[in-house]
Amino acid sequence: MFVLRYSKASPYARKVRIAADVCGLSNLISIKETDTKDPANRLRDENPLGKIPVLILEDGAALYDSRVIIEYLDVYSGGGKLIPHDIKRKFEALKYQSLADGINDAALVIRHEIAVRRSELRDDEFILYQQEKIDRSLKALVQSPPQGPQDIGHIAVACALGYLDLRFEGKWRHIAPSLVDWLADFSTKTPSFNETAL
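These remarks concern the structure in this document. These numbers were taken from a predicted model, which means no experiment stands behind them. (Residues numbered from 1 in each chain as written. Predicted model: local features only at pLDDT ≥ 70, side-chain atom pairs only at ≥ 80, totals over all residues. Heavy atoms only, no water.)

Secondary structure assignment for the chain yields 9 helices and 4 strands. On C-alpha atoms alone, the chain measures out to a radius of gyration of 17 Å, which is about the 16 Å that the 2.2 N^0.38 rule sets for 198 residues. Summarising its shape, the C-alpha atoms of the chain cover approximately 45 × 45 × 30 Å along the three principal directions. Across the 198 residues that make up the chain, the buried fraction comes to 43%. Contacts spanning at least 24 positions in sequence make up 64% of the contacts within the chain whose residues lie at least 6 apart. A total accessible area of about 10,700 Å² is found for the chain, and carbon and sulfur atoms account for 52% of it. Averaging the coordinates of the 27 positive side-chain charges in the chain and doing the same for the 28 negative ones gives two points 1 Å apart. (Helix = DSSP H or I, 4+ residues; strand = E, 2+ residues; numbered from the N terminus. Rg over C-alpha atoms; globule rule 2.2 N^0.38 Å. Buried < 20%, exposed > 50% of the residue type's maximum accessible area, 1.4 Å probe, protein only. Contact = heavy atoms within 4.5 Å. Areas by Shrake-Rupley, 256 points an atom, 1.4 Å probe, with all protein chains shown as cover. Lys, Arg positive; Asp, Glu negative; His and termini not counted. Charge placed at Lys NZ, Arg CZ, Asp CG, Glu CD.)

Structure representation (structure tokens):
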């Protein structure tokens, strides 16, 4: 039995949970909600960065971050379920995963600036800089969303859009309606997307 340390709101942890389901491994993973701010939590011993998700293997070894865990799950399940064997498709999938993770990175920074930082210290220019990253990424996805057989690129993009829904009231839906349809199709084909939603 594996242990996945996660937070319900984390788009990276959600990506791992959906990936595990796609690989048929969900029943082998015990999900443990983890408070990254708690200095007494074992997370800091398992991942010196104190970040989630972390996958604890049967021998006690810890894997982090989400991209490493994804690769492990793919190999463990026989390969090709998340990361295609075909070279062109493989790097297309990894490119989409990188783009989606970048959306999440920028969204998390904005969330921190707005929800955590005191208003007098908030950097509006920095928020705009991060928002422009998200906007450019959405534009790129509108022009060319993940296509073909489902892989980690599809999962990662869906989780990024889901995080924008969670934290920013789905404002992206007004500027990228074609992605709304893409996400609806993904969620129909991937029940774990709705099952992992907050």
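Now that the structure has been shown, the text picks up again.
A separate point is helix α3 (residues 66–76). Along α3, the residues that are buried comprise Ser 66, Ile 69, Ile 70, Leu 73 and Asp 74. Taken down its axis, α3 places every buried residue within 135° of arc, on the same side. Contacts made by the buried residues of α3 are with α1 (11–22), β2 (29–33), β3 (54–56), β4 (62–63), α4 (87–115) and α6 (152–168). The opening residue of α3 is Asp 65, an N-cap whose side-chain oxygen sits 3.1 Å from the backbone nitrogen of Arg 67. Count one or two residues on from α3 and you reach Gly 78, which has phi positive near 110°. (Arc of directions from axis to C-beta. Polar contact = N/O pair within 3.5 Å; in protein donor to acceptor, adjacent residues only side chain to side chain.)

In this section: the nonpolar core. Grouped burial of nonpolar side chains is what soluble globular proteins tend to show. By size, the foremost hydrophobic cluster in this structure holds 48 residues, and its most contacted members are Leu 73 and Leu 82. Broken down by secondary-structure element, the contributors of at least two residues to this core are β1 (2–6), α1, α3, α4, α5 (124–143), α6 and α8 (177–189). The element contributing the most residues to this core is α6, with 11 residues. Residues contacting Leu 73, with those up to four places away along its chain left out, are Val 16, Ala 19, Ala 20, Cys 23, Leu 25, Ile 29, Leu 55 and Leu 82. (Core = buried A, V, L, I, M, F, W, Y, C linked by side-chain atoms within 4.5 Å.)

Turning to the sheet that holds β4, a few remarks are in order. Spatially, β2-β1-β3-β4 is the arrangement adopted by the 4 strands of the open sheet, whose pairing is mixed. With one partner strand each, in any of the chains shown, β2 and β4 form the two edges of the open sheet. Two strands pair when backbone bridges link them, and β1 and β3 are joined in this way by 3 bridges, in the antiparallel orientation. Paired with Val 3 across the two strands is Ile 56, which belongs to β3. Seen against the sheet, α1 touches β1 and β2 and runs at an angle of roughly 150° to β1. Contacts from α3 reach β1, β2, β3 and β4 within the one sheet, and its direction differs from that of β3 by about 40°. (Pairing = 2+ DSSP bridges. Axes fitted to C-alpha atoms, helices over the stretch in contact; angles between N-to-C directions.)

Attention now moves to the pairing of β1. Most of β1 sits out of view: 4 of its 5 residues are buried. Pairing analysis gives 5 bridges linking β1 to β2, with the strands arranged parallel. Along β2, the bridge assignment pairs Tyr 6 with Glu 33. The parallel pair β1 and β2, bridged by α1, forms a crossover whose chirality is right-handed. (Right-handed = clockwise from strand over helix to strand, strands pointing away.)

Over the atoms, a rolling probe the size of a water molecule traces out where space has been left empty. There is about 900 Å³ of room inside the largest pocket. Lining the largest pocket we find 28 residues, and of these Tyr 12, Thr 36, Lys 51, Ile 52 and Leu 108 sit closest to its centre. Sorting the residues of the lining of the largest pocket by element identifies α1, α3, α4 and α6 as the ones contributing at least two each. Counting residues per element, the lining of the largest pocket draws most heavily on α4, at 6 residues. If you trace the second largest pocket, you find 14 residues lining it, with Gln 131, Leu 164, Arg 167, Phe 168 and Lys 171 closest to the centre. Partitioned by chemical class, the residues of the lining of the second largest pocket number 8 nonpolar, 1 polar and 5 charged. (1 Å grid on protein atoms, 1.4 Å probe; cavity = no way out; pocket = protein on both sides within 12 Å on 5 of 7 lines; lining within 4 Å. Points joined across faces, edges and corners; volume = space filled by probe spheres on them. Nonpolar A, V, L, I, M, F, W, Y, C, P; charged D, E, K, R; others polar.)

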